[in-house]
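# Close look at the chain arrangement
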Amino acid sequence: MSKIAVFPGSFDPITTGHESIIRRSLPLFDKIIVAIGVNSTKEGFFPTEKRKQWIEKIFTGVKNIEVKTYKGLTIDFCKQEKANYILRGLRTSADFEFERVIAQMNRSMNDKIETVFILSTPELSAINSTVVRDIIRNNGDASQFVPSAIRKEVK
Ligand code: ADP
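### Observations regarding the site of the ligand
Residues in contact with the ligand amount to 16 residues; listed here are only the nearest, S10, F11, G89, L124 and I127. For the ligand, an oxygen atom lies 3.1 Å from a polar atom in the side chain of H18. At a separation of 3.1 Å, an oxygen atom of the ligand approaches a polar side-chain atom of R88. Protein burial of the ligand: of its 560 Å² of free accessible surface, 85% is covered by the chains. Looking at the shell around the ligand, the elements that each hand over two or more residues are β1 (4–9), α1 (16–25), β4 (85–90) and α4 (93–109). Here the shell around the ligand is composed, by residue class, of six nonpolar, six polar and four charged.

If you want it as structure tokens, here you go:
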């Protein structure tokens, strides 16, 4: 059975922190699906389609990465994609507490799906999409926090 992982998130926008987690996880899985969760009641800062295109651009030529959007529960999307792993990044103990609850509740709902955590590298652990959005909203330069392939476009 091939090892398929779903990396769910808002990726609004994708940061160097996300990119690093994905690249470091590539050797662990046959396929990683970067899954942009779409919330029908809450519009994101960047359009979903733009976020998807940026992630595709960053990973152009990497054949075991797919980028998809989904609505609803992550475990339902995993089932639909035949993915047995949920991938998440951990930056801080606050992330851990938040992620612990979600992972344990997901496990209660579906014990076939394991959540796998990758600890961020120290130099990327402060990077956060919310702060990147605030910098952009206030006309600051957030380029160092955004993957190099899309730096010119994310302004
Ligand atoms: P959400 O909208 O669920 O918070 P995000 O798009 O912010 O999702 O992030 C998706 C995943 O990436 C989460 O597991 C989050 O902890 C992780 N992540 C975000 N930023 C970083 C970073 N700088 N280093 C490592 N992991 C990160």
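Okay, back to it.
### Here's the deal with the packing of aromatic side chains
Tallying each qualifying case throughout the model produces five aromatic pairs. Ring geometry for F45 versus F46: centroids 4.8 Å apart, planes at 75°, classification edge-to-face. Note on F46: relative accessible area 11%, which makes it buried. Plain terms: the ring middles of Y70 and F77 are 4.8 Å apart, the flat faces sit at 25° to each other, and that makes the pair stacked. Grouping residues by exposure puts Y70 and F77 together as buried. Through a chain of ring-to-ring contacts, three or more aromatic side chains come together here, namely F45, F46 and W54.

Definitions and limits used
- Residues numbered from 1 in each chain as written.
- Predicted model: local features only at pLDDT ≥ 70, side-chain atom pairs only at ≥ 80, totals over all residues.
- Heavy atoms only, no water.
- Near = heavy atom within 4 Å.
- Polar contact = N/O pair within 3.5 Å; in protein donor to acceptor, adjacent residues only side chain to side chain.
- Areas by Shrake-Rupley, 256 points an atom, 1.4 Å probe, with all protein chains shown as cover.
- Helix = DSSP H or I, 4+ residues; strand = E, 2+ residues; numbered from the N terminus.
- Nonpolar A, V, L, I, M, F, W, Y, C, P; charged D, E, K, R; others polar.
- Phe/Tyr/Trp six-rings, centres within 6.5 Å; stacked < 30°, edge-to-face > 60°.
- Buried < 20%, exposed > 50% of the residue type's maximum accessible area, 1.4 Å probe, protein only.

These results come straight from atomic positions and should not be treated as a statement about function.
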